[in-house]
Amino acid sequence: MSKQTVSFFVISAFFASLTLAAPLAAQQLVAAASDPVTLPDAPNPQLHDAVSSSSPDVFSSSQPSDQQQTAAPASGAQQTTTPPQEETPEQRKARAAAELKLETKQRMAGVIPNFNTVNNGKATPLSPGQKFHLFFKGAFDPYQFVLAGIDAGIGQAENENPGYGQGFEGYAKRYGANYADNFSGNFFGNAVLPSLLHQDPRYFRLGHGSVLHRALYSISTTFRTRGDNGNWQPAYSNLTGNLIGASISNLYYPEGDRGLYPTLRRALSVTYQGTIGGMLQEFYPDIAQKYKNHKARKAAAAAAADGVTPIPPAKPSQP
């Protein structure tokens, strides 16, 4: 069975599971779609001098007192130099580190790393060091080594890249090539270039709307990404990183698999795989929630059949 056939079955199973998640698509993370605006605290009015004046209604008077008029410019000057609630670079970096710590604990099915996903649609921009930390966290995860071994086994069974030969040596070369492909592409696409171009290497999950709308949004993130300034930009980091990784592979691929055409083919293949990965990042929480609800209904039905009143799960405590 070819890699293309395996990919076909994987993609077919994935989209079939999406149809099960459709009833929940409009319900998941509706709160995450809102973008609340944080307003600065209102200034405290200085009433101690106004109360002592002879005005019959100091609160409705449109003419401020002399003291208030003289105090206003000083207040405005102070806000210009040090605006209230403005984060320092150190505070912003600390907040990004706290968010990143939670993101690097995310996994699909408890196995597949999901470190590059922002589930609520908002995140503090990462510093260059944090982008490299995120890359290395994923690159050296045990899952990546297992995945490289599976890909190498499929390639050996199909005699892909025949210049590697067969046997243990051929398998070891394919294993190294698969891992190096993933490492180099992500190194440039998720760490080096995002740091230089000030782009965010993470996937910002939409989490609401119709399945078609969310699928189109997910596909679009292959070609556009969030900048560190919060605006959408062309995904130069991702696309260029895939091309650089494919070009570097000419250093270790057999002679018959080098050149312009094989390089472009590998770059397009990695880009296509990234698109499928984005779809999984977008819809996996819906699938997981549907499975969780199914298990809960099944447990409730079993408890009812036994004449036991099921105990509802405890609500999470509010911080």
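Residues numbered from 1 in each chain as written. Predicted model: local features only at pLDDT ≥ 70, side-chain atom pairs only at ≥ 80, totals over all residues. Heavy atoms only, no water.

Focus on the pattern of salt bridges
Moving on, step 1. Scanning the entire structure with this criterion turns up 10 salt bridges.
Moving on, step 2. Where E99 meets R95, a salt bridge forms, and the shortest distance between an N and an O atom there is 4.0 Å. With E99 and R95 both in helix α5 (residues 89-103) and 4 residues apart, this pair spans about one turn of that helix.
Moving on, step 3. Residue classification places R95 among the partly exposed residues on the basis of a relative accessible area of 39%.
Moving on, step 4. Across the pair K131 and D228 runs a salt bridge whose closest N-O atoms are separated by 2.9 Å. Here the residue K131 occupies a position in helix α6 (residues 128-139), and D228 occupies one in the loop between β5 (224-226) and β6 (232-234), the gap between them amounting to 97 residues.
Moving on, step 5. On the basis of relative accessibility, which here comes to 1%, the residue K131 falls in the buried class.
Moving on, step 6. What emerges from the salt-bridge pattern is a single network uniting R205, R214, E282 and D286. (Salt bridge = Lys/Arg side-chain N within 4 Å of Asp/Glu carboxyl O. Helix = DSSP H or I, 4+ residues; strand = E, 2+ residues; numbered from the N terminus. Buried < 20%, exposed > 50% of the residue type's maximum accessible area, 1.4 Å probe, protein only.)

Details of the packing of helix α9 (residues 211-220) against helix α11 (residues 260-305)
Moving on, step 1. Contact geometry for α9 and α11: axes closest at 8 Å, N-to-C directions at 140°. Regarding the angle of α9 to α11, the classification is oblique. Seen along the crossing, α9 lies across α11 with a hand that is right-handed. Only T275, G278, M279, E282, F283 and D286 of α11 make contact with α9, whose side of the interface consists of V211, R214, A215, Y217, S218 and I219.
Moving on, step 2. Here the residues of the contact of α9 with α11 sort into 6 nonpolar, 3 polar and 3 charged. (Axes fitted to C-alpha atoms, helices over the stretch in contact; angles between N-to-C directions. Parallel < 35°, antiparallel > 145°, perpendicular 65-115°, else oblique. Left-handed = near helix turned anticlockwise from the far one by under 90°. Contact = heavy atoms within 4.5 Å. Nonpolar A, V, L, I, M, F, W, Y, C, P; charged D, E, K, R; others polar.)

Comments concerning unusual backbone geometry
Moving on, step 1. Although it is not a glycine, N161 sits at a positive phi angle of roughly 50°.
Moving on, step 2. For N161, the location among the structural elements is in the loop between α7 (142-157) and α8 (167-197).
Moving on, step 3. Not every positive phi belongs to a glycine, and H198 is a case in point at roughly 55°.
Moving on, step 4. By secondary structure assignment, the location of H198 is in the loop between α8 and β4 (203-204).

Brief notes about the packing of aromatic side chains
Moving on, step 1. Scanning the model with the defined rule gives 15 aromatic pairs in all.
Moving on, step 2. Ring geometry for F136 versus F140: centroids 6.0 Å apart, planes at 5°, classification stacked.
Moving on, step 3. Classification of F140 by relative accessible area gives partly exposed; the value is 47%.
Moving on, step 4. With a centroid separation of 5.3 Å and 85° between ring planes, the pair formed by F187 and F188 is classed as edge-to-face.
Moving on, step 5. Of the residues examined, F187 reaches a relative accessible area of 24% and is grouped as partly exposed. (Phe/Tyr/Trp six-rings, centres within 6.5 Å; stacked < 30°, edge-to-face > 60°.)

Structural notes on a nonpolar patch on the surface
Moving on, step 1. On the surface, L212, L216, I219, F223 and L239 cluster together into a nonpolar patch covering about 480 Å² of accessible area.
Moving on, step 2. Ranked by residues supplied to the nonpolar patch, first place goes to α9 with 3 residues. (Patch = residues over 30% accessible without salt bridge, like charges linked within 9 Å, V, L, I, M, F, W, Y side chains within 5 Å. Areas by Shrake-Rupley, 256 points an atom, 1.4 Å probe, with all protein chains shown as cover.)

Here's the deal with the side chain of T104
Moving on, step 1. By the secondary structure assignment, T104 is in the loop between α5 and β1 (107-108).
Moving on, step 2. Exposure remark for T104: the relative accessible area of 13% places this residue in the buried category.
Moving on, step 3. Only 3.0 Å separates the side chain of T104 from the backbone oxygen of K101, close enough to count as a polar contact.
Moving on, step 4. In this structure, T104 is in contact with F115, L134 and K137, ignoring residues within four places of it in sequence. (Polar contact = N/O pair within 3.5 Å; in protein donor to acceptor, adjacent residues only side chain to side chain.)

Section: the environment of N186
Moving on, step 1. Here N186 shows up in helix α8.
Moving on, step 2. The partly exposed category is assigned to N186, whose relative accessible area is 27%.
Moving on, step 3. Each C-alpha atom, one on N186 and one on A139, is 8.1 Å from the other, the two residues being 47 residues apart in sequence.

Examining the confidence of the model for the protein
Moving on, step 1. When pLDDT is averaged along the protein, the result is 78; 70% of the residues meet or exceed 70.
Moving on, step 2. Counted against residues more than four places away or in other chains, residues 4-84, with its pLDDT under 50, gives 56 contacts. (pLDDT = per-residue confidence, 0-100.)

Concerning the side chain of T275
Moving on, step 1. Within the secondary structure, T275 sits in helix α11.
Moving on, step 2. Ignoring sequence-local partners within four residues, the contact set of T275 consists of S218, I219 and T222.

Points about α6
Moving on, step 1. The terminal C-alpha atoms of α6, which comprises 12 residues, lie 17 Å apart, in line with the 16 Å expected from a rise of 1.5 Å per residue.
Moving on, step 2. Those residues of α6 not exposed but buried are Q130, K131, L134, F135, G138 and A139.
Moving on, step 3. Taken together, the buried residues of α6 touch α5, α7 and α8. (Expected span 1.5 Å × (residues − 1).)

Details of α7
Moving on, step 1. With 16 residues, α7 should reach 22 Å at 1.5 Å per residue; the first-to-last C-alpha distance of 23 Å fits that figure.
Moving on, step 2. Buried within α7 are the following residues: Q144, A148, G149, A152, G155 and Q156. When α7 is viewed along its axis, its buried side chains cluster within an angular range of 140° and face the same direction. Exposed residues on α7 whose side chains face more than 90 degrees from its buried face are P142, V146 and A157.
Moving on, step 3. Phi turns positive one or two residues past the end of α7, at N159, with a value near 55°. (Arc of directions from axis to C-beta.)

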